[in-house]
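Listed below, chain by chain, are the residues.
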Amino acid sequence: MAEVLPQEMQELSQSISACRKCGLAATRANAVFGVGSLDAGVMFIGEAPGANEDKQGIPFCGAAGKVLDELLAVAALKRDDVFIGNILKCRPPGNRNPQDGEIAACTPYLDAQIAFIKPVVICCLGNFAAGYVMNKFGLAGKIQGITKIHGSIFITDAAYGKIKIMPMFHPAVVTYDATKKSLLANDFAVLKNIPKEK
Ligand code: URA
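Residues numbered from 1 in each chain as written. Predicted model: local features only at pLDDT ≥ 70, side-chain atom pairs only at ≥ 80, totals over all residues. Heavy atoms only, no water.

Concerning the site of the ligand
Here is step 1: Surveying the vicinity of the ligand reveals the residues Gly 46, Glu 47, Ala 48, Glu 53, Pro 59, Phe 60, Asn 86 and His 170.
Here is step 2: Backbone polar atom of Phe 60 to an oxygen atom of the ligand: 3.0 Å apart, as the coordinates give it.
Here is step 3: For the ligand, whose free accessible area comes to 240 Å², the fraction covered by protein is 91%.
Here is step 4: Each residue belonging to the shell around the ligand can be placed in one class, and the counts come to three nonpolar, three polar and two charged. (Near = heavy atom within 4 Å. Polar contact = N/O pair within 3.5 Å; in protein donor to acceptor, adjacent residues only side chain to side chain. Areas by Shrake-Rupley, 256 points an atom, 1.4 Å probe, with all protein chains shown as cover. Nonpolar A, V, L, I, M, F, W, Y, C, P; charged D, E, K, R; others polar.)

Next comes the structure, spelled out in structure tokens:
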């Protein structure tokens, strides 16, 4: 059965599905709202839907999603315990990098999700997510490549209280560089042991 969203998120979901604010609307099959608990202590933010996600309308349901599921288990978390979303709600053709204009057009949706969920921890999967989220929360001066800052925990202020921002490698990296799996697993082991309850 389809999940019943609270009205504000229902309206946001409809706006995302109908969105034509950038060129990705022309090539998407489905916009991808995100999945999980809208009362989660932890949000995972990836980059953008890939081919499987575009087809199914669900984030991280392909190869990178398999890796993410294994990593969630390392942190003793299940998909239902967290919220999983993306910087872009629509797939860039050929999985190219998000463009600045697309990020600017799409991130008000993510901002609304963050404001509604009020997460205690945001795990940023990859450089695009880390760059956007850290900049949003006043951490622009701390942004470096994900190889340098993955696993760090930046504590800062959100409108609703303290928030921890944790950059991580994007799980897709494991599909072409298996050596990154242990680094990701270490970071998820750290996540396991930090307070995440609201
Ligand atoms: N990669 C992402 O960044 N997000 C997804 O939803 C799938 C793959």
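Still more ground to cover, so stick around.
A few points about the packing of aromatic side chains
Aromatic ring pairs are defined here through the distance separating the ring centres and the angle between the ring planes.
Here is step 1: As enumerated under the stated definition, the model contains two aromatic pairs in all.
Here is step 2: Their ring planes at 90° and their centres at 6.2 Å tell us that Phe 33 and Phe 83 sit as a pair that is edge-to-face. In this pair, Phe 33 is assigned in the loop between helix 1 (7-18) and strand 1 (35-36) and Phe 83 in strand 3 (residues 83-86), connecting sequence segments 50 residues apart. For the pair formed by Phe 33 and Phe 83, the shared burial category is buried.
Here is step 3: Plain terms: the ring middles of Phe 44 and Phe 188 are 5.6 Å apart, the flat faces sit at 5° to each other, and that makes the pair stacked. With Phe 44 in strand 2 (residues 42-46) and Phe 188 in helix 8 (residues 180-192), the pair connects residues that are 144 residues apart, well separated along the chain. Across the pair, exposure class does not vary: Phe 44 and Phe 188 are buried alike. (Phe/Tyr/Trp six-rings, centres within 6.5 Å; stacked < 30°, edge-to-face > 60°. Helix = DSSP H or I, 4+ residues; strand = E, 2+ residues; numbered from the N terminus. Buried < 20%, exposed > 50% of the residue type's maximum accessible area, 1.4 Å probe, protein only.)

Observations regarding the sheet that holds strand 6 (residues 161-168)
Here is step 1: The strand order across the open sheet built from six strands is 1-3-2-4-6-5, with neighbouring strands paired in mixed fashion. The open sheet has two edge strands with one neighbour each: strand 1 and strand 5 (154-158).
Here is step 2: Where strand 2 lies against strand 3, four bridges are found, and the strand directions are parallel. Opposite Met 43, over in strand 3, you have Phe 83 as the bridge partner.
Here is step 3: Those strands touched by helix 5 (residues 127-136) are strand 2, strand 4 (121-125), strand 5 and strand 6, and its axis lies near 140° from that of strand 4. (Pairing = 2+ DSSP bridges. Contact = heavy atoms within 4.5 Å. Axes fitted to C-alpha atoms, helices over the stretch in contact; angles between N-to-C directions.)

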